[in-house]
Amino acid sequence: MIERPDAMQRVRLAHTEALLAQLRSAGPLSRAELIRLTGLSRTTLFDIIGDLIARGVVVEREPALSGHRGRGRPSTTVSLNPSAGRIIGIDLGRATITVIVATLSHDILARGSRAVTLTAGPIRRANAAIKLIDDLVHEHDIDLRALEAIGLGLPGLVASRGGPAGGSPSVAAKQVGARIQDRYGVAVVTDNNSRLAALAEGTWGATRDVRDAIYVRWSDGVGGGLIVDGRLARGAHGAAGEIGHVSVEPDGDPCPCGGRGCLELLIRPSALIERCARRGVTVADPSDLVTRARAGEPAVEGVVRHAATLLGRVLSGMVVQLDPGKVAIGGTLARAGETVLEPVRAAIGQLAIPRHPRPLDVVTAQFGDEGGALGAVAAALRLNVSEPLPVLPTA
């Protein structure tokens, strides 16, 4: 008789933590969605939510009616109290820093980007990120006393299994993370920025309605990420999703990764611009490349379509092995739309077990240049969450 109340309290606490984990991971959810995701009974869930609202831990939100096309009035949603904490997401890319400041309820308070010198060292890059954060905080009058965690995305191999983000950070990542942690005094979750962009798409974006997905970030480099059974895959050595370093031409040019003829060397924007030049066409920069490819300029469109076919060939092997529900392509080249998507679809269709038809969407990622920073926010929100991503319909 003495043990029963304690046991019941432990069960109640476990149910409450499961509910809060879903809200922290997915943001505002209806009660019906929470029942499905947590497996709790309607009575238990309503009772826990009522208690959390009374304590100010969660708040109830009225439905947004604009754009609603379903039958009846949309359901109210429940979210973590936005005043209870702050999260910062940083994408410290090769040439650009992007920062997003958000609440625990997934509301974005501020966002901004700033160029960074390609040759800048880890501490200088960390200081540039800190300056951008401080400027945003000042400009938007944000109180960081409630800051809970920071997510940090960096290019290249960042982690191997065992550290705070499922990996032990590289030397450069440790230096950047330590400088930012010293400045703000909270946990810093570090991962590859393309992998974090995959997490953003799986949490809020183009792949949130499937449990298995491939994400490709095609910008100044070529990176990616894998969502496997609702979880972001990092791999045994922090290299999961490094699609840009699959060798396409084993006897090709050497790559900084140590390989030869890597996909990234062949299809990065600078290589495509150079290929256009060899055809007698001068392209100013990656944005010009995309604009002219979309417009159907023959030489430029041909170069981009050939590169997209190479990407599709590499993706076809991943599709055979992972069997994803979606492939999402983000980054600068994704802005070319069907000029990129159609050759990728065609290559996958021809090479990924053609006699085994499967419903596979190849789509443009929802988040553009902010994907890495949004994913860094998602990683920080999931710092103490072990459950897979909630899979919700996009419509």
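Refer to the structure presented above.
Not measured: the values here are computed from a predicted model.

Novice: In this structure, what is going on with the overall build of the chain? I would like to understand it.
Specialist: Broken down by element type, the chain carries twelve helices and 15 strands. In summary, the chain has a C-alpha radius of gyration of 22 Å against a globular reference of 21 Å for 395 residues, a match within 12%. Taken along its principal axes, the extent of the C-alpha atoms in the chain is 80 × 50 × 40 Å. When burial is assessed residue by residue, the chain has 50% of its 395 residues classed as buried. Pairs at least 24 residues apart make up 64% of the contacts formed inside the chain by residues separated by at least 6 positions. Of the accessible surface of the chain, which amounts to about 18400 Å², a share of 52% is contributed by carbon and sulfur atoms. Counting 45 positive and 40 negative side-chain charges, the chain places the centres of these two groups 2 Å from one another.

Novice: Where do I start with the pairing of strand β14 (residues 326-330) in this structure?
Specialist: Consecutive residues of a regular strand have side chains that alternate between opposite faces of the sheet. The buried fraction of β14 is high, at five of five residues. Neither face of β14 is left uncovered, since the one carrying K326, A328 and G330 and the one carrying V327 and I329 both have all their residues buried. In this region the chain leaves β14, passes through helix α11 (residues 338-351) and returns to the parallel neighbour strand β15 (residues 361-364); the handedness of that crossover is right-handed.

Novice: For this particular structure, what's the right way to read the packing of aromatic side chains?
Specialist: The geometry of an aromatic ring pair is captured by two quantities: the separation of the ring centres and the angle between the planes. What the rule picks out here adds up to zero aromatic pairs. When the ring centre of F46 is taken as origin, the NZ or CZ atom of R42, which lies over that ring, is 4.3 Å away.

Novice: Sorry, what's going on with helix α9 (residues 286-294) here?
Specialist: When we look at burial in α9, the residues that qualify are L289, V290, R292 and A293. Taken from the residues just after α9, G296 is the one with a positive phi, measuring 85°.

Novice: Where do I start with the environment of I348 in this structure?
Specialist: Counting through the fold element by element, I348 comes out in helix α11. With relative accessibility at 6%, the residue I348 sits in the buried group. Taking the C-alpha atoms as reference, I348 lies 19 Å from V228; in sequence the two are 120 residues apart. When residues no more than four places from it in sequence are discounted, the contact partners of I348 are G312, L315, S316, V319, L360 and V362.

Novice: What is the right way to read the sheet that holds strand β3 (residues 77-80) from this model?
Specialist: Within a sheet, each strand pairs with its neighbour through backbone hydrogen bonds, oriented either parallel or antiparallel. Strand order across the open sheet formed by three strands is β1-β3-β2, with antiparallel pairing between neighbours. The two strands at the open ends of the sheet, each matched to only one other strand, are β1 (29-30) and β2 (58-61). Judged from the two bridges that link them, β1 and β3 form a sheet pairing that is antiparallel. Pairing of L29 across the sheet is with V78, part of β3.

Novice: Hey, could you run me through the layout of surface pockets in this one?
Specialist: Remark: the empty space left among the atoms is shown by a probe the size of a water molecule rolled over them. Volume-wise, the largest pocket comes out at about 930 Å³. If you go around the largest pocket, you meet 35 residues; those closest to its centre are R94, P155, S219, D220 and G221. Mapped by element, the contributors of at least two residues to the lining of the largest pocket are β5 (96-103), α6 (193-203), β12 (222-228) and α9. A class-by-class count of the residues in the lining of the largest pocket yields ten nonpolar, 16 polar and nine charged.

Novice: Can you help me understand the environment of E297 in this one?
Specialist: Its location among the elements puts E297 in the loop between α9 and α10 (298-322). By relative accessible area, E297 is classed as partly exposed at 26%. Considering only alpha carbons, one finds E297 and G325, 28 residues apart in sequence, at a separation of 33 Å. Residues in contact with E297, not counting those within four places in the same chain, are V281 and R292.

Novice: When you look at the sheet that holds β15 in this model, what are you seeing that I'm missing?
Specialist: The five strands are arranged β13-β12-β11-β14-β15 in an open sheet whose pairing can be described as mixed. Looking at strand neighbours, the two that pair on one side only are β13 (231-233) and β15, the edges of this open sheet. The mean inter-strand angle of the sheet, taken between neighbouring strand axes irrespective of direction, is 25°. Note that β14 and β15 share four bridges and pair parallel. Note that in β15 the partner of I329 across the bridge is T364. Strand contacts of α11: β11 (213-218), β14 and β15, with the helix running at about 160° to β15, the strand carrying the most contacts.

What counts and what doesn't
- Residues numbered from 1 in each chain as written.
- Predicted model: local features only at pLDDT ≥ 70, side-chain atom pairs only at ≥ 80, totals over all residues.
- Heavy atoms only, no water.
- Helix = DSSP H or I, 4+ residues; strand = E, 2+ residues; numbered from the N terminus.
- Rg over C-alpha atoms; globule rule 2.2 N^0.38 Å.
- Buried < 20%, exposed > 50% of the residue type's maximum accessible area, 1.4 Å probe, protein only.
- Contact = heavy atoms within 4.5 Å.
- Areas by Shrake-Rupley, 256 points an atom, 1.4 Å probe, with all protein chains shown as cover.
- Lys, Arg positive; Asp, Glu negative; His and termini not counted.
- Charge placed at Lys NZ, Arg CZ, Asp CG, Glu CD.
- Right-handed = clockwise from strand over helix to strand, strands pointing away.
- Phe/Tyr/Trp six-rings, centres within 6.5 Å; stacked < 30°, edge-to-face > 60°.
- Lys NZ or Arg CZ within 6 Å of the ring centre and 35° of its normal.
- Pairing = 2+ DSSP bridges.
- 1 Å grid on protein atoms, 1.4 Å probe; cavity = no way out; pocket = protein on both sides within 12 Å on 5 of 7 lines; lining within 4 Å.
- Points joined across faces, edges and corners; volume = space filled by probe spheres on them.
- Nonpolar A, V, L, I, M, F, W, Y, C, P; charged D, E, K, R; others polar.
- Axes fitted to C-alpha atoms, helices over the stretch in contact; angles between N-to-C directions.

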